[in-house]
Amino acid sequence: MMSADAVFAWLGGGALLAAVLPRVLSGRPLSLPLVFLLCGIGVYLLPLPLPLPVIDPVDDRVVAEHVTEIVVIISLMGAGLALNRPVGRHRWGATWRLLGVTMPLTFLITALVAWWLLDWPPAAALLLGAVLAPTDPVLAAEVRVGEPTDDEHDEDEARFALTSEAGLNDGLAFPLTYAAVGLAAAAGSGWSAGWIGPWAAQDLAYKCVVGVLGGLLMGRLLGWLFFRARPRALRLSQHREGFVALGATFLSYGVTELAGGYGFLSVFVTACAIRAAERSHGYHNVLHDFMEQVERLLTAAVLFLTGAFIALGGLSALTWQGAVTACVVLLVIRPLSGWAGLLRSSLGSRERWVVAAYGVRGIGSLYYLAYALGQHGFAVPERELWAVVTFTVLASVVLHGITAGPVIARFDRLRDARST
């Protein structure tokens, strides 16, 4: 094992890189997640004199689940705090389309491909569709909104749609995952419809409602505490302490989970409700900046560990069918489902293609896989499941990390030229 001194050295170097790289790589065909992923692969392939710890999410499933869980809920709070636009039917029109059309299409078509091409049983096929359904723009900073401002129009449609979609579909992937778990419990490697009724009532309706209501309640209470509490000593916005956002994240998540709802949904809704409490206050920037820094550090660490897992043979169980499935998801299923969801929307043609193409797969997919494998078996070797999902994340980080900077920069130039 590595010595404590070596661990401190690696952590310090990684933290400094996480601070420097976003500025160095800005606008270039390279992203911070891609760099850390490649660093993880490279470090574990080098003949270093000191032994390195073994990274294996299959054997250490519980650790993998909780580490990725923390990263996801922190990114959800950061995404919600960054959105300037008030929630509404028309203001969030593209978001509702992506959630109501694109996400179900991606889930179902991916499951069909896994069932047909990989010859997986229905439950395992549904699981792959569920874990690859949510998007993660954290891994491609160019396609998410920037810092919060007091102008609700200070966001282009493409970035807003991708950020708000990811904030909500990370929570809505839970019912899909439970559908796979329910089918596996009811029918093993076969098919049964007996699980659908309880799933629809409990995992789809009840838990989603509790998640949204829990987020609204926590967000309004925290918004009052931040901006309107009396006496002023309790008004946290006066003290400008960013770590309060971390407390809000964990409180919202924990309380909602204890109530039986989806904590992922609650955290994002809480963040949106805090923004709505006092939309133009500068304290939002303090909260957002703190969460962004924590998110960047944790994301870098998880991507480094993912690279280590790949270098240690994490893809050894990957078949050519699994690799083709991952590529089909990224290059065919998501782009076409995204385009279909945004038909007749207010987005222009270029914006539709940007939103459709940049549905990044990332840490949320790793979390859902680890979580589901702790609930039930799926009649497919766990290492094969991990290999397909990890390869999809790897391919997404490489593809979107290399292309996002140049593509979005050109998109911005064309948009600015049309507006002048």
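Up top is the structure.
Residues numbered from 1 in each chain as written. Predicted model: local features only at pLDDT ≥ 70, side-chain atom pairs only at ≥ 80, totals over all residues. Heavy atoms only, no water.

Draft legend 1. Region of the structure containing the overall build of the chain. Broken down by element type, the chain carries 14 helices and zero strands. Ordering the α and β elements of the chain from the N terminus gives α-α-α-α-α-α-α-α-α-α-α-α-α-α. Against the compact-globule benchmark of 22 Å for 420 residues, the chain has a radius of gyration of 21 Å, which places it among compact chains. Along the first, second and third principal axes, the C-alpha atoms of the chain reach 60 × 55 × 50 Å. Looking at the chain residue by residue over its 420 residues, the buried ones come to 55%. (Helix = DSSP H or I, 4+ residues; strand = E, 2+ residues; numbered from the N terminus. Rg over C-alpha atoms; globule rule 2.2 N^0.38 Å. Buried < 20%, exposed > 50% of the residue type's maximum accessible area, 1.4 Å probe, protein only.)

Draft legend 2. Geometry of the packing of aromatic side chains. Within this structure, the stated rule accounts for 23 aromatic pairs. Taking the centre distance of 6.0 Å and the plane angle of 85° together, the rings of Tyr-178 and Tyr-371 count as edge-to-face. Of the two residues, Tyr-178 is situated in helix H6 (residues 157–187) and Tyr-371 in helix H13 (residues 363–373); the sequence distance between them amounts to 193 residues. Across this residue pair, the class does not change: Tyr-178 and Tyr-371 are buried. An aromatic cluster of at least three residues, connected via ring pairs, comprises Phe-174, Tyr-178, Tyr-253, Tyr-262, Phe-264, Tyr-367, Tyr-368 and Tyr-371. The ring of Trp-339 has Arg-352 sitting right over it, with the charged end atom 5.3 Å from the ring centre. (Phe/Tyr/Trp six-rings, centres within 6.5 Å; stacked < 30°, edge-to-face > 60°. Lys NZ or Arg CZ within 6 Å of the ring centre and 35° of its normal.)

Draft legend 3. Highlighting the nonpolar core. In terms of nonpolar packing, the biggest core is built from 108 residues, with Trp-120, Leu-128, Phe-264 and Phe-378 touching the most fellow members. The element best represented in this core is helix H10 (residues 283–314), accounting for 12 residues. Counting residues in hydrophobic clusters, the runner-up holds 14 residues, among them Val-143, Leu-342, Leu-347 and Tyr-358. (Core = buried A, V, L, I, M, F, W, Y, C linked by side-chain atoms within 4.5 Å.)

Draft legend 4. Local environment of the environment of Tyr-178. For Tyr-178, a relative accessible area of 15% translates into the label buried. Distance from Tyr-178 to Leu-204, taken between C-alpha atoms, is 8.7 Å for residues 26 residues apart in sequence. Those residues within four positions of Tyr-178 in sequence are excluded, and the remaining contacts are Trp-199, Asp-203, Lys-207, Tyr-262 and Tyr-371. (Contact = heavy atoms within 4.5 Å.)

Draft legend 5. Looking closely at helix H11 (residues 320–341). The terminal C-alpha atoms of H11, which comprises 22 residues, lie 30 Å apart, in line with the 32 Å expected from a rise of 1.5 Å per residue. Along H11, the helix axis deviates most sharply at Val-329, where the bend reaches about 45°. Those residues of H11 not exposed but buried are Gly-322, Ala-323, Thr-325, Ala-326, Val-329, Leu-330, Ile-333, Arg-334, Pro-335, Ser-337, Gly-338 and Gly-341. (Expected span 1.5 Å × (residues − 1). Bend = angle between axes of the 7 residues up to and from the residue.)

Draft legend 6. Here's a closer look at the side chain of Ser-75. Tracing the chain through its elements places Ser-75 in helix H3 (residues 61–82). Here Ser-75 falls in the buried class, since its relative accessible area comes to 10%. A polar contact of 2.7 Å, which involves the side chain of Ser-75, links it to the backbone oxygen of Val-72. (Polar contact = N/O pair within 3.5 Å; in protein donor to acceptor, adjacent residues only side chain to side chain.)

Draft legend 7. Region of interest: the packing of H3 against H6. Running from N to C, H3 and H6 point in directions that differ by 140°, and their axes come no closer than 10 Å. Put simply, H3 runs oblique to H6. H3 and H6 meet at a crossing whose hand is left-handed. Together, Val-72, Leu-76 and Ala-79 of H3 and Thr-163, Ala-166, Gly-167 and Asp-170 of H6 make up the contact between the two elements. In terms of residue class, the contact of H3 with H6 is made up of four nonpolar, two polar and one charged. (Axes fitted to C-alpha atoms, helices over the stretch in contact; angles between N-to-C directions. Parallel < 35°, antiparallel > 145°, perpendicular 65-115°, else oblique. Left-handed = near helix turned anticlockwise from the far one by under 90°. Nonpolar A, V, L, I, M, F, W, Y, C, P; charged D, E, K, R; others polar.)

Draft legend 8. The arrangement of the side chain of Thr-325 in detail. Within the secondary structure, Thr-325 sits in helix H11. Residue classification places Thr-325 among the buried residues on the basis of a relative accessible area of 1%. With residues near it in sequence (within four places) discarded, Thr-325 still touches Val-113, Leu-117, Leu-118 and Leu-128.

Draft legend 9. Unusual backbone geometry, seen in detail. Located in the positive-phi region is Asp-119, a residue other than glycine, with phi close to 60°. Turning to its location among the elements, Asp-119 is positioned in the loop between helix H4 (93–117) and helix H5 (122–131). With a phi close to 60°, Ala-379 is a non-glycine residue in the positive phi region. In this structure, Ala-379 sits in the loop between H13 and helix H14 (382–419). The exposure class assigned to Ala-379 is exposed, which follows from its relative accessible area of 59%.

Draft legend 10. Focus on a positive patch on the surface. On the surface, Arg-350, Arg-410, Arg-413 and Arg-418 cluster together into a patch of positive charge. The element best represented in the positive patch is H14, accounting for three residues. Mapped onto the fold, Arg-410 is located in helix H14. (Patch = residues over 30% accessible without salt bridge, like charges linked within 9 Å, V, L, I, M, F, W, Y side chains within 5 Å. Areas by Shrake-Rupley, 256 points an atom, 1.4 Å probe, with all protein chains shown as cover. Salt bridge = Lys/Arg side-chain N within 4 Å of Asp/Glu carboxyl O. Lys, Arg positive; Asp, Glu negative; His and termini not counted. Charge placed at Lys NZ, Arg CZ, Asp CG, Glu CD.)

Draft legend 11. Focus on the environment of His-239. With respect to the helices, strands and loops of the structure, His-239 is situated in the loop between helix H7 (196–227) and helix H8 (244–258). Remark: the alpha-carbon pair of His-239 and Tyr-283, spanning 44 residues in sequence, is separated by 9.1 Å.

Draft legend 12. Spotlight on a nonpolar patch on the surface. Together, Leu-331, Val-332, Leu-336, Trp-353 and Leu-399 line one region of the surface with nonpolar side chains, adding up to about 460 Å² of accessible area. Counting residues per element, the nonpolar patch draws most heavily on H11, which supplies three residues. Within the secondary structure, Leu-399 is located in helix H14. For Leu-399, a relative accessible area of 31% gives the class partly exposed.

Function-wise, these values are silent; they only describe arrangement.
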